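Structural features, examined
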Amino acid sequence: MLDKIRKILCEFVDLEPDQITLDTDIHSDLALNSLELVNFAVEVEEEFDVVIPDKEAMGIRTVGDVIKIVEKYMNK
């Protein structure tokens, strides 16, 4: 799952996938703007066939947070 999320993030930032870790902060380390964040969330939802509630999406800080939330909703 981490590899897929890295691949999606690399569409928005100029980094190599191996530069993105579980602790990478989506806001401060990657500096995604609001539109990029929305597009990232949509791509994650499509890739993993999940729907992440907006309230939970707003609380995502790190790549690890993304994985936890995706795993939570993949099981529903």
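A brief report on the enclosed structure follows. On a predicted model such as this, the values are computed, not experimentally measured, just so you know.

Reading guide: rules and limits
Just so you know, the residues in each chain are numbered from 1, in the order the chain's sequence is written. For this predicted model, a pLDDT threshold of at least 70 governs which residues receive local features, and a threshold of 80 or more governs which side-chain atom pairs are given and counted, while totals over whole chains, interfaces and linings are taken from all residues. With hydrogens and water set aside, each side-chain value is computed from the structure's full complement of heavy atoms. Comment: elements are numbered from the N terminus, with helices defined as DSSP H or I runs of at least four residues and strands as E runs of at least two. This radius of gyration counts C-alpha atoms alone. The globule rule is 2.2 Å times how many residues there are, raised to the power 0.38. Partly exposed describes any residue whose relative accessible area lies between the buried limit of under 20% and the exposed limit of over 50%, with all areas from a 1.4 Å probe on protein chains only and scaled to the type maximum. Residues are treated as being in contact if the distance between any of their heavy atoms lies within 4.5 Å. To get an axis, fit a line to the C-alpha atoms, keeping to the stretch in contact for a helix; angles then go from 0 to 180 degrees between the N-to-C directions. Roughly parallel here means an angle under 35 degrees, roughly antiparallel means over 145, roughly perpendicular means 65 to 115, and every remaining angle is called oblique. Note: crossing handedness is left-handed where the near helix turns anticlockwise from the far helix by less than a right angle, and right-handed where it turns clockwise. Any pair of nitrogen or oxygen atoms within 3.5 Å is treated as a polar contact; in protein, a donor-acceptor pairing is required on top of that, and neighbouring residues in sequence qualify only through side-chain atoms on both sides.

1. Let's talk about the overall build of the protein
Counting secondary structure elements, the protein contains four helices and zero strands. Secondary structure elements of the protein, listed N to C terminal, follow the sequence α-α-α-α. Over its C-alpha trace the protein gives a radius of gyration of 11 Å, about what one expects of a compact globule, namely 11 Å for 76 residues. Projecting the C-alpha coordinates of the protein onto the three principal axes gives extents of approximately 35 × 25 × 20 Å.

2. Description of the environment of Val13
Among the structural elements, Val13 can be located in the loop between helix H1 (2–9) and helix H2 (34–48). On the basis of relative accessible area, Val13 is assigned to the buried category, the value being 13%. In this structure, the C-alpha to C-alpha distance between Val13 and Leu30, residues 17 residues apart in sequence, is 6.7 Å. Excluding residues that lie within four positions of it along the chain, Val13 makes contacts with Leu30 and Leu32.

3. Here's the deal with the packing of H1 against helix H4 (residues 63–74)
Contact pair H1 / H4: the axes reach a minimum separation of 11 Å and the direction vectors enclose 120 degrees. When the axes of H1 and H4 are compared, the pair comes out oblique. Once H1 is placed against H4, the crossing between them reads as right-handed. Between H1 and H4, the residues in contact are Leu2, Ile5 and Leu9 and Val63, Val66 and Ile67, respectively.

4. A closer look at the side chain of Arg6
Within the secondary structure, Arg6 sits in helix H1. Judged by its relative accessible area of 17%, Arg6 falls in the buried class. A distance of 3.4 Å separates the side chain of Arg6 from the side chain of Asp3, its partner in a polar contact. Once you skip the residues sitting within four places of it in the chain, Arg6 turns out to touch Pro17, Asp18, Ile20 and Thr21.

5. Describing the environment of Ile20
Considering the arrangement of structural elements, one finds Ile20 in the loop between H1 and H2. Separated by 43 residues in sequence, Ile20 and Val63 have C-alpha atoms that sit 8.0 Å apart. Residue contacts for Ile20: discarding those within four places in its chain leaves Arg6, Leu9, Cys10, Leu15 and Val63.

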